[in-house]
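Structure at a glance
The chain contents come next:
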Amino acid sequence: SSHEHKLNFKKSKEACLSYIQDAMLQKQWKRAAEFLTFYVESLEKDYSREPIGPSEMIWRIGTEILCHHPHSNMKEFNCFIEQMKTLGVKRYLKVCLEHVFHLLCNGQIDEAYQNLSLAESWRFGEQTAIQDKEMKLIQAYRALLDYYSWSKQKNILSEHGKCLDGFADLSVEQEMHSYFRKAAVNLKEIIKIPGVWDLFVKCYVDLLEFYGDHNEACQVLNEYAYNSKFPANPNAHVYLYQFLKRQGESKKSLISALKILHDIVPSHELMIDFNTMLQKSKKRKKRRLGLEVIFAALDYAGWKENVKAWSCLARQVKQIVISEKHLDWIKQEWNSRKDWWPAFHFSRYLAKRNWQENKSLSYEKALVAGILLGKDCKYFKYVSHQGCKAQVKKFRMLKKFVNRHNPVYLRISG
Amino acid sequence: MEFPAALFPCYFGAGPPREEGGPPLAAGWGEHGQVLEGSPGPGRPQAQPAFVPCRGGTGETWDPAEAAAVPVLPPSAGRWIPSPAPQDILYRNSVCRKLRAGRRGATLDFAKQLGHFFVDHPEDAFGSMGRLLHKNFYLGNSKLKRPARSSTIRMTALMKDIDRLEAWRSVCCHVPCPAQLWEAPLSPHLTLSVPSRGCHRQHLASRLRWFSHLCRDWLFEVPLGLLADCLHEELLLQWSDLLFDDRLTGGALAWLPPSNVGSCTGCLVYPGGQAMNHLFFQDMVLEELPRPRGSPSQFELSGRIRQVAAARVDGEDFVGVRSDYHCGVWRVPGRTGTAPAPLQVIRTDVPASCLTVSPHLPGELTVCTQSGTVYLWSVETGLQQLRHDPQTMFFRDHSLWRWSDFTAHPRVLSCADRTGLQCLDARAPKKCHFDLFKVGEEAGCQQGERVVLPMYLGRAHPSQHLVTTQFSTYMLDERLPLVPVLKWAHMMQAPPLFAQLMPGDPGRTHKVLLGASRTQELLLLQYRGERWSSRRGSQLACQLAGAPLKLHSIAGCLQHLPTQLPHRHHLLQQRLGAPAAGLAAALQEDRTCETMLVFQLSEAGDVFCQRLTHEAAHPPAPTSRDEAPTAPGSSPLFEAPASSPPTPAVPSPAAALRYHRWLRALFRGCREHPQHSLPPSLSQRRLFTRKELEGPTGPTALQRQVRQWLRQVMREGGHIQRWEPLALQPPALSQPPEPEGGLDLLSTRLTAAWSGDWEQWWEDRTSFSVAQRQRALRERRQRQKRARGRRSLSASFTSSLTYQSELSELSDAGPPLLSPERPHVLSQEGSPPAGSPLASPALDEVLLSSQSLRCRGIPKERRKTLRDYLSVWAEAPPEPPELPGSQASQLCIPSSQSQLSSASQTRRKRPRMGF
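Residues numbered from 1 in each chain as written. Chains lettered and ligands numbered in written order. Predicted model: local features only at pLDDT ≥ 70, side-chain atom pairs only at ≥ 80, totals over all residues. Heavy atoms only, no water.

**Some words on the overall build of chain A**
- Counting its regular elements, chain A contains 22 helices and 1 strand.
- Taking 2.2 N^0.38 as the reference for a compact globule, 414 residues should give roughly 22 Å; the C-alpha atoms of chain A span a radius of gyration of 31 Å, well beyond that estimate.
- A principal-axis box enclosing the C-alpha atoms of chain A has dimensions of 90 × 65 × 40 Å.
- Expressed as a percentage of its 414 residues, the buried residues of chain A come to 54%.
- Residue pairs at least 24 apart in sequence account for 60% of intrachain contacts in chain A once pairs closer than 6 positions are excluded.
- Here chain A has roughly 19900 Å² of accessible surface; of this, 52% comes from carbon and sulfur atoms.
- Across chain A, the centroid of the 65 positively charged side chains sits 15 Å from that of the 46 negatively charged ones. (Helix = DSSP H or I, 4+ residues; strand = E, 2+ residues; numbered from the N terminus. Rg over C-alpha atoms; globule rule 2.2 N^0.38 Å. Buried < 20%, exposed > 50% of the residue type's maximum accessible area, 1.4 Å probe, protein only. Contact = heavy atoms within 4.5 Å. Areas by Shrake-Rupley, 256 points an atom, 1.4 Å probe, with all protein chains shown as cover. Lys, Arg positive; Asp, Glu negative; His and termini not counted. Charge placed at Lys NZ, Arg CZ, Asp CG, Glu CD.)

Next up, the structure:
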């Protein structure tokens, strides 16, 4: 009968849980809270070997309820979490971390810092791999808060530097350095592990740059961007590029950094900077690359209505057409796109909509369409007709230009 | 479309999934995941950094406006045949247990299905063999003669044995084990499933076993081994479909939003018809409850519609329709009132598992088949094969399901199987591809997790994708492959097969609806992710916003429907509980409020809708630090009533009207085809002419009179204590009067049981009945003594046959007169003894009416003598009735009087008694 009792207990436990779940999914937090008080009984005979035991459920559900309940307050929340921390050793760090997140999101930075320091000093036997990761995260977040304190002191100092000097500055400076040390150690630690650490990397590089350790910063950023164990994070390349730019590095190294970003994410917004950089270059190869970059960017749906990108393309195409050199570049780029760009970019529907919504976009696109598809292209015809009707000089010039260079179209498409 | 300046921190590892675990029950709750520095809010001091959580941020408030989902379309004509249930396929005992155990533990009821085959297709199973053998199988009942017996079997005897065995088996408590059933499945009746242990009907079985042993190898038209193989395969297939049917992935319902902003007429595309092979385009007007406008355009297709996908390109809607072996594409012009035009159809050799419509280029779709082939299908240029690989991508998985969708680049497609997603370039599919999602440590998956539904979220953000597994939902960004930008355990009971996106305007959340098939679950999620038109510098990583909201399921409306008769209730339950087959959603903005309409399609072809209203942002609750400390032990959580607006408890009048109409149409539809469900029957009218069916000659005078009287009493509002015509007849007495006044046996017993002293009642009853029986016996003996003379007299009238038949007719004509349900009316002391067979009460009554006497041919003068004679002995003092006083006055009618006043004229004049 004890087996039966266990079964019944299990059944009622499940039923109770499903009631709680139902209430929560319908945002009936009060009802869920009432059910949860009954569910707490399930802790008494916790025979389960399931991955998520009742104590974890109570923590999760209770947290969620307290986050949404109309009458909950921070004090109650803290009280609940403190109890949950004692409920399971394996989960202690996780609960601490979540508690800290909650405090941070509610603007209680100091309390969060205290909790982090407390969790950091926690020891219990041998740590599992997951606990190890959690501990590293706790340290990293504490370091992040240290970094914020550091930058606060830095701001005070810079403000003071303008008006005051003396002892106050010295103590502030010392405090700032101690924050730096505390932050740097742990930040350096976490960014060695493969992962996405945008926030930590940025802070660490900022610290290093302030103290003039550019080599270390450069190394950290390179490691973050190019280590194959790390995911292909576009931000890693962006940070490196921004760092190089701040350092006033040569065009060449900037271009090589952006070239890699282009290979990973052809649709990144930095591609416009990249294109303008390449267009200005004297080397033919680079200008060729610029054309490739801008064509590739405009392949993406997200760039469809980007005026900047279209004007970049229009400018470069116009240049090539006027100089009548390197028409083959356009031809090559166009070859792989001529079967779908007309429908994707240059349909009559889009001509109408672009004209209504954004005249300058339709101007740039009409120029490109006129050159790539000839003067009989629907898009060009519609926009130039509308433009001439509206007596805008720009559009009359456009029409003339395209008509004059119509043979180019034949050469491109031929 | 900028990339977020910083992403939420996370670890990254490669390899197979490490985390163990089953379905996470509450895993989606209570976690912020990670935090990131966000823009400080208006109320926060600038010096402090502000953090935003990955999960658990604030979302928009959407509240259900109705108590349950409401039907939007009349129920589809034609009967719906429910798909097989577990109890059809599995052994009865093991259904519950095995459903939980899943695929491995299930025991399929193979023998039953084989039996069904033999019954349903006997021609295929035994046809020509039967013709060959018919000489040797004797089907008559008589014994076989000598010479024939050597070459002929008497099948009737065999059948009898089987029936007996069956009857015994149904009584027998232990169910045969499957192995035994496997052994000798000969025909439905020949399944020899005799439990070996302790069978006392062995001798019965031995003959059958002998027969089956002889015939097992050659009796069948189709070789049994082959048939069994096919059947078993089919059973396994059905069972796996029952566990998880992935052919429905994507859903067969689409909503084409209004083409211009001000209009509120959209189009609903859904399958219908008995085989779900008709495609309907129905214009819908979005009001409080959407209603259809005009009749739908309809297309008949040659297969069951599994999926309807739609996308809008250049102001025109393209609708792709997938059935198992055919895919088609329709164009719906933007102008309302123009009919949808079919563009192209393709046929596949292997069932197609996916069809998606390009949001970038008109008339472009992708098709996947179960053979692992992915095609790019353009209406203009035809099919282009991008990949052919029967193997799964990242590790081995047996599922044949494949999926593909579009990405931010119109020439790059995503391809998915159960193990993950890959993107490939249609211009060079062999060379250019990258992994977008992998079931593994990269995304922090669990062991056993599989991709269920990928979806391109292009309308909200050009490079984001949604991937759902049976446990979690992942948000992916093409620009950062393999690392989900958002992960959340959805906690749904069944894997979500349908998803719908409702993009939000800048600054608002995007909404995603997830829908499961078998459980009809619907979940509304909200997330924030920058959109292409967002301002520069404000881009933030993807976050889940607010708590998920569970929406109504179709089955949930059952409790709001009017009460039905049990069989109708069952029918409704089955109908409304049918698995979901599609999901569509529409956002609509009015001047005053914003509403979300969610359409859900069931496998039965019903389309239900529910409305949610957006509650505009209200001022945030006071922060924690301002609140006064509460007394220890008392929690404010349970005291004050919650302020959250509750879901309405009852359907609105409009919804109730919809329910009413829908139910009426449903049951009307069900009545139209009764012959499908009922066993074949013959109408009486075919067997008999109308005249034959009619009663003898209309109602008799007695009946007419009683009716008239009844009407009169009803007019007066009184009640009939006893039938007056009864006064003429000595009523039947078959049981002694009840001791309790007025209450019949059952009522008293129930009353006693209700008050709890039933046992007491029973004892009283038994002791009473002993005394009663003794008394009854005594009475009977006395009565018999008295009646002896009369019986001999009345026997003299019972000579002719016509009399007998007339008698039965008469007694038939007046059932209320003899109704045993009116014991107090019938309980007449002094009536002729019940025990004597001839002197039945009706008989006496008939005998005494002058009419009947006349028609027996008794002369007038003798009639008088007879009556006098009878009256004389009837006037003899009856046994003193042993009735409680109160009843006695009512019940003890001077029967002598009534018996004597036989003529109909006097009957009318007589004052009514007993009132």
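**Overview of the overall build of chain B**
- When you go through chain B residue by residue, the secondary structure sums to 26 helices and 36 strands.
- Across the 915 residues in chain B, those meeting the buried criterion constitute 48%.
- Relative to all contacts within chain B whose residues are 6 or more apart in sequence, the contacts with residues 24 or more apart total 58%.

**Some points on the side chain of His-237 of chain A**
Residues and elements named next belong to chain A.
- The residue His-237 is located in helix α11 (residues 234-246) in this model.
- Classification of His-237 as buried rests on a relative accessible area of 5%.
- Setting aside chain neighbours within four positions, we find His-237 in contact with Ala-225, Tyr-226, Ile-260, Leu-261 and Ile-264.

**Re the confidence of the model for chain B**
Residues and elements named next belong to chain B.
- Here chain B shows a mean pLDDT of 74. Residues at 70 or above account for 68%.
- Predicted confidence is poor over residues 619-637, with pLDDT under 50, and the contacts of this stretch with residues over four places away or in other chains come to 20 contacts.
- Across the interfaces of the predicted complex, the ipTM metric reaches 0.93, alongside a pTM of 0.75. (pLDDT = per-residue confidence, 0-100.)

**Points about the sheet that holds strand β17 (residues 352-357) of chain B**
All names here are of chain B.
- The antiparallel open sheet is built from 4 strands, whose spatial order is β17-β18-β19-β20. Of all strands in the sheet, those with a lone pairing partner are β17 and β20 (382-388), marking the two edges. Direction aside, the axes of adjacent strands within the sheet are offset by 20° on average.
- Strand direction decides the pairing type here: strand β18 (residues 364-369) and strand β19 (residues 373-378), joined by 5 bridges, are antiparallel. (Pairing = 2+ DSSP bridges. Axes fitted to C-alpha atoms, helices over the stretch in contact; angles between N-to-C directions.)

**Topic: a positive patch on the surface**
Residue and element names in this part refer to chain A.
- The grouping of Arg-348, Lys-352, Lys-378 and Lys-381 at the surface amounts to a positive patch.
- Within the residue set of the positive patch, elements represented by two or more residues are α18 (348-357) and α20 (378-389).
- Here Lys-352 lies in helix α18.
- Judged by relative accessible area, which is 38%, Lys-352 ranks as partly exposed. (Patch = residues over 30% accessible without salt bridge, like charges linked within 9 Å, V, L, I, M, F, W, Y side chains within 5 Å. Salt bridge = Lys/Arg side-chain N within 4 Å of Asp/Glu carboxyl O.)

**Comments concerning the pattern of salt bridges**
Residue and element names in this part refer to chain A.
- Inspection of the entire model under this criterion finds 36 salt bridges over all chains.
- Between Glu-34 and Lys-30 there is a salt bridge, with the nearest N and O atoms lying 3.7 Å from each other. Placement of both Glu-34 and Lys-30 in helix α2 (residues 29-39) is noted, with a separation of 4 residues, approximately one turn of the helix.
- Assessed through its relative accessible area of 34%, Glu-34 is described here as partly exposed.
- Judged by relative accessible area, Lys-30 falls into the buried class, the value being 19%.
- Of the charged contacts, one joins Glu-56 and Arg-60 as a salt bridge, the two residues approaching to 3.0 Å between their closest N and O atoms. Of this pair, Glu-56 and Arg-60 both sit in helix α3 (residues 54-68), 4 residues apart, which is roughly one turn of that helix. Judged on exposure class, the residue Glu-56 and its partner Arg-60 are both buried.

**A few points about helix α21 (residues 393-404) of chain A**
Residues and elements named next belong to chain A.
- Along its 12 residues, α21 runs 17 Å from first to last C-alpha, staying within 8% of the 16 Å computed at 1.5 Å per residue.
- Listing the buried residues of α21 in full gives Phe-395, Leu-398, Phe-401 and Val-402. Angularly, the buried residues of α21 cover 120° about the axis, an arc narrow enough to put them on a single face. Exposed residues pointing more than 90 degrees away from the buried face of α21 are listed as Lys-393, Lys-400 and Arg-404.
- On its buried side, α21 packs onto α15 (307-323), α18, α19 (359-373), α20 and α22 (406-413). (Expected span 1.5 Å × (residues − 1). Arc of directions from axis to C-beta.)

**Describing the sheet that holds strand β27 (residues 472-477) of chain B**
Residues and elements named next belong to chain B.
- Sheet architecture is open: 4 strands sit in the order β25-β26-β27-β28, paired in antiparallel fashion. Two strands bound the open sheet, and with one partner strand each, they are β25 (451-456) and β28 (486-489). Ignoring strand direction, the axes of neighbouring strands in this sheet form an average angle of 15°.
- Pairing geometry for β25 and strand β26 (residues 464-469), over 5 bridges, is antiparallel. Counterpart to Met-455 in the pairing with β26 is Leu-466.

**What to know about the pairing of strand β35 (residues 594-602) of chain B**
Residues and elements named next belong to chain B.
- Burial analysis of β35 places 9 of its 9 residues in the buried class, which makes it a mostly covered element.
- Burial along β35 is two-sided: Glu-594, Met-596, Val-598, Gln-600 and Ser-602 and Thr-595, Leu-597, Phe-599 and Leu-601, pointing in opposite directions, are all buried.
- Looking at chain direction, strand β34 (residues 580-589) and β35 are connected through 9 bridges and run antiparallel. The residue bridging Gln-588 from the neighbouring strand is Thr-595, located in β35.

**Examining the nonpolar core**
- Ile-61, Trp-197, Phe-200 and Leu-313 of chain A together with Phe-437 and Tyr-527 of chain B are the most contacted members of the largest nonpolar core, which has 226 residues in total.
- When residues of this core are assigned to their parent elements, the largest contribution, 12 residues, is made by helix α7 (residues 129-163) of chain A.
- Counting 32 residues, the second largest nonpolar core, distinct from the first, contains Ala-254, Leu-256, Met-284 and Leu-597 of chain B. (Core = buried A, V, L, I, M, F, W, Y, C linked by side-chain atoms within 4.5 Å.)

**A few points about the environment of Thr-107 of chain B**
- With respect to the element layout, Thr-107 of chain B can be found in the loop between α2 (95-101) and α3 (110-120).
- As for Thr-107 of chain B and Leu-90 of chain B, which are separated by 17 residues in sequence, their C-alpha atoms are 5.8 Å apart.

**Considerations on the interface of chain B and chain A**
- Every contact between the two is made by 71 residues of chain B and, on the other side, 82 residues of chain A.
- Carbon and sulfur atoms supply 61% of the area buried between chain B and chain A, which totals about 6900 Å² over both sides.
- Across the contact surface, chain B and chain A share 3 salt bridges.
- A salt bridge links Lys-550 of chain B to Asp-22 of chain A; its shortest N-O distance comes to 2.6 Å.
- Taken together, the links from chain B to chain A amount to 25 residue pairs in polar contact (both at pLDDT 80 or more).
- Among the elements of the structure, β1 (10-11), β2 (35-38), β3 (50-53) and β33 (549-550) of chain B are those that each provide at least two residues to the side of chain B that touches chain A. (Buried area = accessible area lost by both parts, 1.4 Å probe. Polar contact = N/O pair within 3.5 Å; in protein donor to acceptor, adjacent residues only side chain to side chain.)

**Re a nonpolar patch on the surface**
- A cluster of nonpolar side chains, namely Tyr-226, Ile-260 and Ile-264 of chain A, defines an oily patch on the protein surface of about 230 Å² accessible area.
- Topologically, Ile-260 of chain A is positioned in helix α12 (residues 251-264).

**Focus on helix α4 (residues 74-85) of chain A**
- Its 12 residues place the ends of α4 of chain A 16 Å apart at the C-alpha level, agreeing with the 16 Å of an ideal helix rising 1.5 Å per residue.
- Within α4 of chain A the residues assigned to the buried category are Met-74, Glu-76, Phe-77, Phe-80, Ile-81, Met-84 and Lys-85 of chain A.

**Things to note about the packing of aromatic side chains**
- Inspection of every chain in the model, using the stated rule, returns 33 aromatic pairs over all chains.
- Between Trp-150 of chain A and Tyr-211 of chain A the ring centres are 6.2 Å apart and the planes differ by 45°, which places this aromatic pair in the tilted class. In this pair, Trp-150 of chain A is assigned in helix α7 and Tyr-211 of chain A in the loop between α9 (198-210) and α10 (214-226), connecting sequence segments 61 residues apart.
- Between the aromatic rings of Tyr-270 of chain B and Phe-280 of chain B, the centroid separation amounts to 5.3 Å while the plane-to-plane angle is 20°, which identifies the pairing as stacked. Here Tyr-270 of chain B, found in strand β9 (residues 265-272), pairs with Phe-280 of chain B, found in strand β10 (residues 278-285); they are 10 residues apart in sequence, far enough to count as distant. Of the two residues examined, Tyr-270 of chain B and Phe-280 of chain B, each falls in the buried class. (Phe/Tyr/Trp six-rings, centres within 6.5 Å; stacked < 30°, edge-to-face > 60°.)

**Here we look at a negative patch on the surface**
- A cluster of acidic residues, Asp-757, Glu-759, Glu-763 and Asp-764 of chain B, forms a negative patch at the surface.
- Its location among the elements puts Asp-764 of chain B in helix α17 (residues 758-794).

**Here we look at unusual backbone geometry**
- Despite not being glycine, Lys-27 of chain A has its phi angle at roughly 60°, a positive value.
- Note on placement: Lys-27 of chain A falls in the loop between α1 (2-25) and α2.
- Phi angles above zero are rare outside glycine, and Met-276 of chain B is one such case at about 55°.
- Mapped onto the elements, Met-276 of chain B comes out in the loop between β9 and β10.

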